[in-house]
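Structural overview for review
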Amino acid sequence: MLIHQATVLLSGGLDSTAALLWARTQYREVHAVLFDYGQPNRDQELTAAARACTRLGITRSMHALGDAFPRTRGILAKVEDHDGRDDGSSPAIVPGRNALFAVSASAHGSVRFPNGNMALVMGCNGQDAKRFPDCHPVAMLRLGEMLRVCIAREIQMVTPWIDRTKEQMLRTFVGDAEATDILLNSWSCYRDVGPCGRCSACVLRNEAIVKVGLADRCMPIKMHGGDPARDRAGG
């Protein structure tokens, strides 16, 4: 099955940014879909995602999901410090998040690419698959089957890191200065003020970066244009 166009689900974090970098080497046309779903790190995350797209010359669209998720679970309720575990459910889980993201991204991608086969690229990796059920290979397989039926076109679910750790994922780009710089400037921290260095996103990111012998360049960044009143107030 030949596929020349891809929609990438881009959060602005390490894994999805790596997926974006990978996709641009595999497909002729790439479009990134970003979501504002009330995440605590919204400003930092979405700004990092937009910056990566701009540097790579990749088109993007951002969509608000409003009250699509319960605000009493996972990071939408409270960001916990990393518990050191590598199995069992993560306290950061937002129920059904990837499933809803996949459906919405596929719908928007189908408008962007109205003809031909399309890939939906997600940055789920082997480490996250152990603690997030909606990152598990079985979940990805079933989501792909559902999308093909519900959207009535050939959509291939692609997860390039599903059998790799974050360290292995990063090593894919060692030697590519531009790609490495973009990855090290991505945003992973779950908290609105960070990087905190304590949440699971920070801890696992830092472990991977140290193991490949790199130094993180992630710094707080201010988002402009999302809230005119806030921008005028300098917040």
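What comes next is a walk through the structure. (Residues numbered from 1 in each chain as written. Predicted model: local features only at pLDDT ≥ 70, side-chain atom pairs only at ≥ 80, totals over all residues. Heavy atoms only, no water.)

A few words on the environment of L21. Following the sequence through the fold, L21 ends up in helix α1 (residues 14-26). We classify L21 as buried; its relative accessible area is 2%. (Helix = DSSP H or I, 4+ residues; strand = E, 2+ residues; numbered from the N terminus. Buried < 20%, exposed > 50% of the residue type's maximum accessible area, 1.4 Å probe, protein only.)

Further remarks concern the pairing of strand β1 (residues 5-9). Counting buried positions along β1 gives 5 out of 5 residues, so the element sits mostly inside the fold. Sheet analysis places β1 next to strand β2 (residues 29-36), joined by 5 bridges and oriented parallel. Opposite V8, over in β2, you have A32 as the bridge partner. This β-α-β element, β1 to α1 to β2, shows right-handed connectivity. (Pairing = 2+ DSSP bridges. Right-handed = clockwise from strand over helix to strand, strands pointing away.)

The next thing to look at is the packing of α1 against helix α7 (residues 177-184). For any two helices packed against each other, one specifies the crossing angle of their axes together with the interaxial distance. Running from amino to carboxyl end, α1 crosses α7 at an angle of 155 degrees, the nearest separation of the two axes being 9 Å. With respect to α7, the axis of α1 lies roughly antiparallel. The two elements α1 and α7 meet at a crossing, and its hand is right-handed. Here L14, T17, A18, L21 and R24 of α1 come into contact with α7, specifically with E178, A179, I182 and L183. For the contact of α1 with α7, the per-class residue count stands at 6 nonpolar, 1 polar and 2 charged. (Axes fitted to C-alpha atoms, helices over the stretch in contact; angles between N-to-C directions. Parallel < 35°, antiparallel > 145°, perpendicular 65-115°, else oblique. Left-handed = near helix turned anticlockwise from the far one by under 90°. Contact = heavy atoms within 4.5 Å. Nonpolar A, V, L, I, M, F, W, Y, C, P; charged D, E, K, R; others polar.)

The next subject is the pattern of salt bridges. Taken as a whole and assessed by the stated rule, the structure comprises 14 salt bridges. A salt bridge links R42 to D43; the nearest nitrogen and oxygen atoms lie 2.7 Å apart. A relative accessible area of 17% places R42 in the buried class. In this structure, D181 and R55 form a salt bridge, with 2.6 Å as the shortest nitrogen-oxygen distance. Taken together, the positions of D181 in helix α7 and R55 in helix α2 (residues 42-56) put the pair 126 residues apart, joining distant regions of the chain. D181 sits in the buried class, given a relative accessible area of 19%. (Salt bridge = Lys/Arg side-chain N within 4 Å of Asp/Glu carboxyl O.)

With 37 residues, the main nonpolar core has F35, Y37, M157, Y190 and C199 as its most contacted residues. Contributing elements (two or more residues each) for this core: β2, α3 (97-112), β4 (118-121), α5 (137-150), β5 (155-158) and α8 (200-211). When near neighbours in sequence (up to four residues on either side) are disregarded, F35 contacts L9, L46, H63, L65, F101, S104 and A105. If you look at the next biggest cluster of nonpolar residues, it comprises 34 residues, including A6, A18, A49 and L56. (Core = buried A, V, L, I, M, F, W, Y, C linked by side-chain atoms within 4.5 Å.)

Glancing now at α7. Of all 8 residues making up α7, 6 are buried, and the element is well covered by its neighbours. Turning to α7, its buried residues number three or more, namely A179, T180, D181, I182, L183 and L184. On its buried face, α7 is in contact with α1, α2, α6 (166-171) and α8. Among the residues of α7, the N-terminal cap falls to D176, whose side-chain oxygen and the backbone nitrogen of E178 are separated by 3.3 Å. (Polar contact = N/O pair within 3.5 Å; in protein donor to acceptor, adjacent residues only side chain to side chain.)

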